[in-house]
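The residues making up each chain are set out below.
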Amino acid sequence: MIVLIIPVFNEEKKIKDVINSIRGYCDQIIVINDGSTDRSKDILESIEDPRLIYVDQQNLGLPFSLNKAIGMSQGNFIARMDADDISHSERLEKQFNYLNKNQNIDLVGSCIRVMNEQGEIIGSKSVPLENRIIQESIDYACNVMHPTYFFRKEIHQTAGGYRDQFIYAQDYDFLLRIRDLGKG
């Protein structure tokens, strides 16, 4: 079972498009509204999808929201996405198939395309695609884009989840701890 988690903070302009861009290949969608002060709550409550679990909470931060959503999830695979990103329609299927074929890998990500407010592609960000290169360069840079994480739920539990003290670098901290466990 694939669970898509989306933390939300003040993304009324994009949240509906974000969910629509990716909901085709997941079994459960958990959206944590982390204290938004715009119309995000109203928009999220209007979405009708039996797979959607919506949680409204006070602003507790990204690490807390991610851990909460993952803890609520019913699946073995977690897909991460930001509330202002549009995902390729085949992303989850490709990532799921890759992890199924590579049992020694616990987390994957992807490169990204950068879009402007009008939805036009204005650039891209590439990351290493081979595990060996990722492992060699991880000490120098967070080389897996956080909004593209797709991982086995068990690695989140084994690594101890996201740590609250890392407000801005929770993704990098998480990757380093997974690497230190000998996982990739």
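Residues numbered from 1 in each chain as written. Predicted model: local features only at pLDDT ≥ 70, side-chain atom pairs only at ≥ 80, totals over all residues. Heavy atoms only, no water.

1. Here's the deal with the sheet that holds strand β3 (residues 52–57)
Which entries qualify depends on this criterion: Two strands are counted as paired when DSSP detects at least two bridges linking them. Think of it this way: any DSSP run of H or I at least four residues long counts as a helix, any run of E at least two long counts as a strand, and we number them from the N terminus. The contact criterion used throughout is that any non-hydrogen atoms of two residues lie within 4.5 Å. All axes here are fitted lines through C-alpha atoms, helices being fitted over the stretch that makes contact, and every angle between N-to-C directions spans 0 to 180 degrees.
Read across the open sheet, the six strands follow the order β3-β2-β1-β4-β8-β5; overall the sheet is mixed. Since the sheet does not close on itself, it has two edges, and those belong to β3 and β5 (107–108), each with one partner. Bridge count between strand β1 (residues 2–8) and strand β2 (residues 28–34): six bridges; the pairing is parallel. Directly across from P7, in β2, lies its bridge partner I32. Contacts between helix α1 (residues 15–22) and the sheet are confined to β1 and β2, with β1 contributing the most and set at about 165° to the helix.

2. Concerning the layout of surface pockets
The condition that has to hold: Detection works on a 1 Å grid of protein atoms alone, calling trapped sets that fit a 1.4 Å probe cavities and calling open sets with protein on both sides within 12 Å along at least five of seven lines pockets, with lining residues defined by an atom within 4 Å of a point. Grid points are joined across faces, edges and corners, and a volume is the space filled by probe spheres set on the points. Under the convention adopted here, Pro, Cys and the residues Ala, Val, Leu, Ile, Met, Phe, Trp and Tyr are nonpolar, Asp, Glu, Lys and Arg are charged, and Gly plus all remaining residues are polar.
Empty space within the largest pocket amounts to approximately 1,300 Å³. R91, S110, C111, I112 and T148 are, among the 47 residues lining the largest pocket, the residues nearest its centre. In terms of residue class, the lining of the largest pocket is made up of 21 nonpolar, twelve polar and 14 charged. Approximately 310 Å³ is the volume found for the second largest pocket. Lining the second largest pocket are 14 residues, and of these P7, V8, F9, D34 and L62 sit closest to its centre. Listed by contribution, the elements that provide at least two residues to the lining of the second largest pocket are β1 and α3 (62–72).

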